[in-house]
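Summary of structural features
Below are the chains, spelled out letter by letter.
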Amino acid sequence: MRPLDENETTQVFEKLYKFVGNNLKNIVESPAHEGPDSSAGRYCFRLQKNKVYYVSESLVKRATNIGRDNLVSLGTCIGKFTKGGKFHLTVQALPLLASNAKHKIWLKPTSEMSFLYGNHVLKGGVEKVTENIVANDGVVVFSMSDVPLGFGIAAHSTQESRKLDPNANVVLHQSDIGEYLRMEDEL
Amino acid sequence: MAAKRKKNSRTKKVELPEDSDNSSDSKLQNDNLIEQEIDDEEMSDSDGDNPFTDDFLQGDEDEEEKGSDSGDESDSDSDDEDLEVKSRAIDEEREREEEEANAELQLNIKEEPDEFQLPTQKELEEEGQRPPDLPNLQKRIKEIVRILSNFKDLKHDGTKRKDYVDQLKIDLSSYYGYNEFLIGVLVEMFPVVELMELIEAFEKPRPICLRTNTLKTRRRALADVLINRVPIGATPEYMAGHYMLQSASSILPVMALAPQEKEKIVDMAAAPGGKTTYIAALMNNAATEQLSPGIIYANEMKEPRLKSLTANLHRMGVTNSIVCKYDGRELPKVLGVNSVDRVLLDAPCSGTGVISKDESVKASKSTEEIFKCADLQKQLILAAIDVVDATSKTGGYIVYSTCSMMIPENEAVIDYALRKRDVKLVPCGLDFGQPGFIRYREHRFHPSLEKTRRFYPHVHNMDGFFVAKLKKMSNTKPKKDTDAKIQKPNSINKAGEESQQDDGDQNKKENGKKGGVVPENGKKRSPSNHNSGKKRKFPAKKEIPKA
């Protein structure tokens, strides 16, 4: 387990910024109450076996005596680096993203299952959308009961999407909670 | 009306059969009868009474007939005499019936034991060659059980109890698919009637249980959403981590553990994570910013199971966990001895309690396997005890649980731990459940083992389970039994039998309080508290009177 180096940190922050915008500050600097210390430490990112974990400092301290081969996970995994060095967010980051998301989209109940199978979001399935989405923004997908379902990339801006026909993609799927069942092994 | 009916039935038992007859004539006459005996007010109402009493005694055809006979005969005026005659007649009729019924019953009872005999050797051979005759087997099983449960009265002369039992074992194994070993063990552990209940209960699956994830939702809200959803394993709520499918028995050890906030907890065999996530939920409680949830170390030795463990932890939104892959026995070296507050050890076992989930257990277990499991469990429990810090302010507890019913894996392991380390059994906090065995055949266990709890499918409708909660009294590992004498002479605890025995009884200190600091010994112990990690300080500081 090691801290992220410059490159890696930039990549992670960039990806996160797409989804949470300026709330990134929140994520990085929020006081961390986990761990048995009474004073709140901070959160930090750590890299272990190409996966990036978002953990509180006290947790990190306690995990240091676990060997590299034996440590499997700590805190919350938010994504991983591919062989090509690119960083992808995984579904486990969802709670973190959802609470800080800038752009949200709510799905109709009928199209929930389709998204959870990994399909993109069609315009006909959208119940409501936050304003001012620009193309290629990160969007967090919610159900009508405000349960976060996953996240993706906006295909068009909000203005444009209004003019599209109901079968066009508005959000390109990146990750959803159905993966816990479909792709348990790859997480 | 109801009151009047009651009055009818109480005061005039005799009249009821008459009331119940269907002929309209007798009804009128009955009305008259009633009129004269009861108040006039009730005249009009008794019409209403009659149809009901008809229903009330509909089954009683004989009496109805009788009643109608007598009803026809009776005239309105000479009631008393008629009544007497009628009542006598009815009583006689009833008696006659009873006698006949009894006679029949006796006849039936007498017939059966005479009929049943254990099959002879020849018959058994023949049976062995034919494909198993299930109904016949079942009948024979039932018979033997009945005889064994009332052996003195019902046994067939010349056949010993052992013969019956042996035949029962053979029949049970072929009817239900058990191997000889397992059936033998079960027969020894339970009285025959209970054994049948247990085996029947194993044939059926236990009800599925859902645990709400309090980190993400509340029970009522979840219940509302889920009540209409089928199937229950793949709903969006499941994927969002609002609940966890687990068996009821798996929830028990965590309840016994009772983790507090800000504690360090180790789950030594954590996969697939049902208990670990419950621990996290209990520690977090309301997931607000103010509460500090502590740390959970989730350890699992087998790689494939680790994946489901991590997936579950993330799905349920557990953020304060560290997952590692170690053999549980190595954990004291890795985490350091005396470093955590509580440990949950849900030990790998033979699985004899969950036969309803996995039928292959019936035929695949043998003595060697049980003892191998027991061996591993003993080592694991010692490691678990070593990892816990006895001087922890809020903790110092170890919960040991298995999903097995075998004595060598449960009581024997706890007994071993009591002898090898300075720990004490405390009540689990689970008020239902049967206490563990203190003695079993030739084994004698420590009496405090009655604080452990056993759960059975036929009694509690959950998988067979065993839970024990230990409190670590001190951080020393006694080589001899000298630590038994550390107590000041005055502070002998109430359990006199626990003191100064040489049979490896380590339950010296009555440290029932969570504080972990005994008031009387407080002055002596607190310096060593601050030097946590130096285990050997303890005996060095105090003079251990080797009495």
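All values derive from a computational prediction rather than experimental measurement.

So, on to the overall build of chain A. The helix and strand inventory of chain A stands at seven helices and twelve strands. Of all 187 residues assigned to chain A, the portion counted as buried reaches 49%. Once local pairs closer than 6 in sequence are excluded, the contacts in chain A between residues at least 24 apart make up 57%. Accessible surface, chain A as shown: approximately 9000 Å² in total, 48% of it carbon and sulfur.

Before going further, it helps to spend a moment on the overall build of chain B. For chain B, the count of helices and strands is 24 helices and 13 strands. For chain B, the proportion of its 547 residues judged to be buried stands at 51%. A separation threshold of at least 6 residues defines the contact pool for chain B, and within that pool the share at least 24 residues apart is 73%. Accessible surface, chain B as shown: approximately 27100 Å² in total, 50% of it carbon and sulfur.

Here we come to the sheet that holds strand S5 (residues 76-81) of chain A. All names here are of chain A. Sheet architecture is open: five strands sit in the order S1-S2-S3-S5-S6, paired in antiparallel fashion. Only two strands of the sheet have a single neighbouring strand rather than two, namely strand S1 (2-3) and strand S6 (87-89). Both strand S3 (residues 51-56) and S5 contribute to a ladder of four bridges, which runs antiparallel. In the strand pairing of S5, Lys51 is matched with Lys80.

Our focus in this paragraph is the sheet that holds strand S7 (residues 104-107) of chain A. Residue and element names in this part refer to chain A. With mixed pairing, the six strands of this open sheet are ordered in space as S8-S12-S11-S10-S7-S9. On the outer flanks of this sheet lie strand S8 (121-122) and strand S9 (126-129), each paired with one strand and no other. Lying over the sheet, helix H5 (residues 109-116) contacts S7, S8, strand S10 (138-142), strand S11 (148-154) and strand S12 (169-176), oriented at roughly 75° with respect to S11.

All names here are of chain B. Checked against the element boundaries, Asp171 lands in helix H10 (residues 161-176). Judged by relative accessible area, Asp171 falls into the buried class, the value being 1%. Setting aside anything within four residues of it in sequence, one finds Asp171 in contact with Leu137, Arg140, Ile141 and Ile144.

This brings us to the interface of chain B and chain A. A common way to express how large an interface is: the accessible area buried when the components associate. If you look at the interface, chain B gives 34 residues, while chain A gives 35 residues. Note on chain B versus chain A: buried area summed over both sides is about 2900 Å², and carbon and sulfur give 63% of it. Viewed at the interface, chain A and chain B are joined by zero salt bridges. Linking chain B with chain A are nine residue pairs in polar contact (both at pLDDT 80 or more), by the criterion used here. At the level of elements, helix H14 (236-239), strand S4 (295-299), helix H17 (303-315), strand S5 (321-324) and helix H18 (331-335) of chain B are the ones that each hand at least two residues to the side of chain B that touches chain A. Taken together, the residues of the side of chain B that touches chain A sort by class into 18 nonpolar, ten polar and six charged. Relative to S5 of chain B, strand S4 (residues 71-74) of chain A runs antiparallel, the two sharing three bridges. When the bridges of S5 of chain B are listed, Ser73 of chain A appears paired with Val323 of chain B.

On to the packing of aromatic side chains. Residues and elements named next belong to chain A. With the rule as written, the count across this model stands at twelve aromatic pairs over all chains. Seen in terms of ring centroids, Phe45 and Tyr54 are 5.4 Å apart; in terms of plane orientation they differ by 45°. Their pairing is tilted. Ring-pair connections join several aromatic residues into one group, and the members of that group are Phe13, Tyr43, Phe45 and Tyr54. Lys128 extends its terminal NZ or CZ atom over the ring of Trp106, reaching a point 4.4 Å from the ring centre.

Attention now goes to H17 of chain B. Residue and element names in this part refer to chain B. In a regular helix each residue adds 1.5 Å, so 13 residues correspond to 18 Å; H17 covers 19 Å between its end C-alpha atoms and thus fits that length. Of all the positions in H17, only Leu306, Ser308, Leu309, Thr310, Ala311, Asn312, Leu313, His314 and Arg315 are classed as buried. Just past H17, the residue Gly317 takes up positive phi, approximately 75°.

All right, on to the UniProt feature "binding site: S-adenosyl-L-methionine" (unreviewed entry) in chain B then. Residue and element names in this part refer to chain B. When the UniProt feature table is mapped onto this chain numbering, "binding site: S-adenosyl-L-methionine" (unreviewed entry) sits at Ala269, Ala270, Ala271, Pro272, Gly273, Gly274, Lys275, Glu300, Asp327 and Asp346. For Gly274, the position within the fold is in helix H16 (residues 274-284). Owing to a relative accessible area of 7%, Gly274 belongs among the buried residues under this scheme. Discounting residues that sit within four places of it in the chain, Gly274 has contacts with Arg211, Met244 and Gln246. Take Asp346: it is sitting in strand S6 (residues 342-346). Apart from the residues lying within four places of it in its own chain, the contact partners of Asp346 are Ala269, Lys275, Ser401, Thr402 and Phe465. Only 2.6 Å separates the side chain of Asp346 from the side chain of Lys275, close enough to count as a polar contact.

Here the focus is the pairing of S4 of chain B. Remember that side chains alternate between the two faces of the sheet whenever the strand is regular. All names here are of chain B. Counting buried positions along S4 yields five of five residues, so the element is predominantly enclosed. In S4, alternate side chains face the same way, and those of Ile295, Tyr297 and Asn299 on one face and Ile296 and Ala298 on the other are all buried. In the sheet, strand S3 (residues 264-267) pairs with S4 via four bridges, with the strands oriented parallel. Bridging across to S4, Ile265 finds its partner in Ile296. Strand direction decides the pairing type here: S4 and S5, joined by four bridges, are parallel. Following the sheet pairing, Tyr297 is matched in S5 by Ile322.

Before going further, it helps to examine unusual backbone geometry. Between Ala271 of chain B and Pro272 of chain B the backbone carries a cis peptide bond, its omega angle lying at -5°. As for its position among the elements, Pro272 of chain B is in the loop between S3 and H16. The phi torsion at Asn50 of chain A lies on the positive side, around 70°, for a residue other than glycine. Relative to the helices and strands, Asn50 of chain A is located in the loop between strand S2 (43-48) and S3. Owing to a relative accessible area of 46%, Asn50 of chain A belongs among the partly exposed residues under this scheme. In this structure, Asn132 of chain A takes a positive phi of about 60° despite not being glycine. Mapped onto the fold, Asn132 of chain A is located in the loop between S9 and S10.

So, about the environment of Ala98 of chain A. The residue Ala98 of chain A is located in helix H4 (residues 94-100) in this model. The contact partners of Ala98 of chain A, leaving out residues within four places of it in the chain, are Lys104, Val140, Phe142 and Pro148 of chain A.

Helix-helix packing is described using two parameters, namely the angle between the two axes and the distance between the axes. Residues and elements named next belong to chain B. H10 packs onto helix H8 (residues 134-149) with a crossing angle of 145° between their chain directions and a minimal axis gap of 9 Å. The crossing of H8 and H10 is left-handed. When H8 is examined against H10, the residues Leu134, Leu137, Gln138, Arg140, Ile141, Ile144, Val145, Ile147 and Leu148 are found in contact with a partner set consisting of Arg161, Tyr164, Val165, Gln167, Leu168, Asp171, Leu172, Ser174 and Tyr175.

Conventions and cut-offs
Residues numbered from 1 in each chain as written. Chains lettered and ligands numbered in written order. Predicted model: local features only at pLDDT ≥ 70, side-chain atom pairs only at ≥ 80, totals over all residues. Heavy atoms only, no water. Helix = DSSP H or I, 4+ residues; strand = E, 2+ residues; numbered from the N terminus. Buried < 20%, exposed > 50% of the residue type's maximum accessible area, 1.4 Å probe, protein only. Contact = heavy atoms within 4.5 Å. Areas by Shrake-Rupley, 256 points an atom, 1.4 Å probe, with all protein chains shown as cover. Pairing = 2+ DSSP bridges. Axes fitted to C-alpha atoms, helices over the stretch in contact; angles between N-to-C directions. Buried area = accessible area lost by both parts, 1.4 Å probe. Salt bridge = Lys/Arg side-chain N within 4 Å of Asp/Glu carboxyl O. Polar contact = N/O pair within 3.5 Å; in protein donor to acceptor, adjacent residues only side chain to side chain. Nonpolar A, V, L, I, M, F, W, Y, C, P; charged D, E, K, R; others polar. Phe/Tyr/Trp six-rings, centres within 6.5 Å; stacked < 30°, edge-to-face > 60°. Lys NZ or Arg CZ within 6 Å of the ring centre and 35° of its normal. Expected span 1.5 Å × (residues − 1). UniProt positions renumbered as here; feature names shortened; annotations may be inferred. Left-handed = near helix turned anticlockwise from the far one by under 90°.

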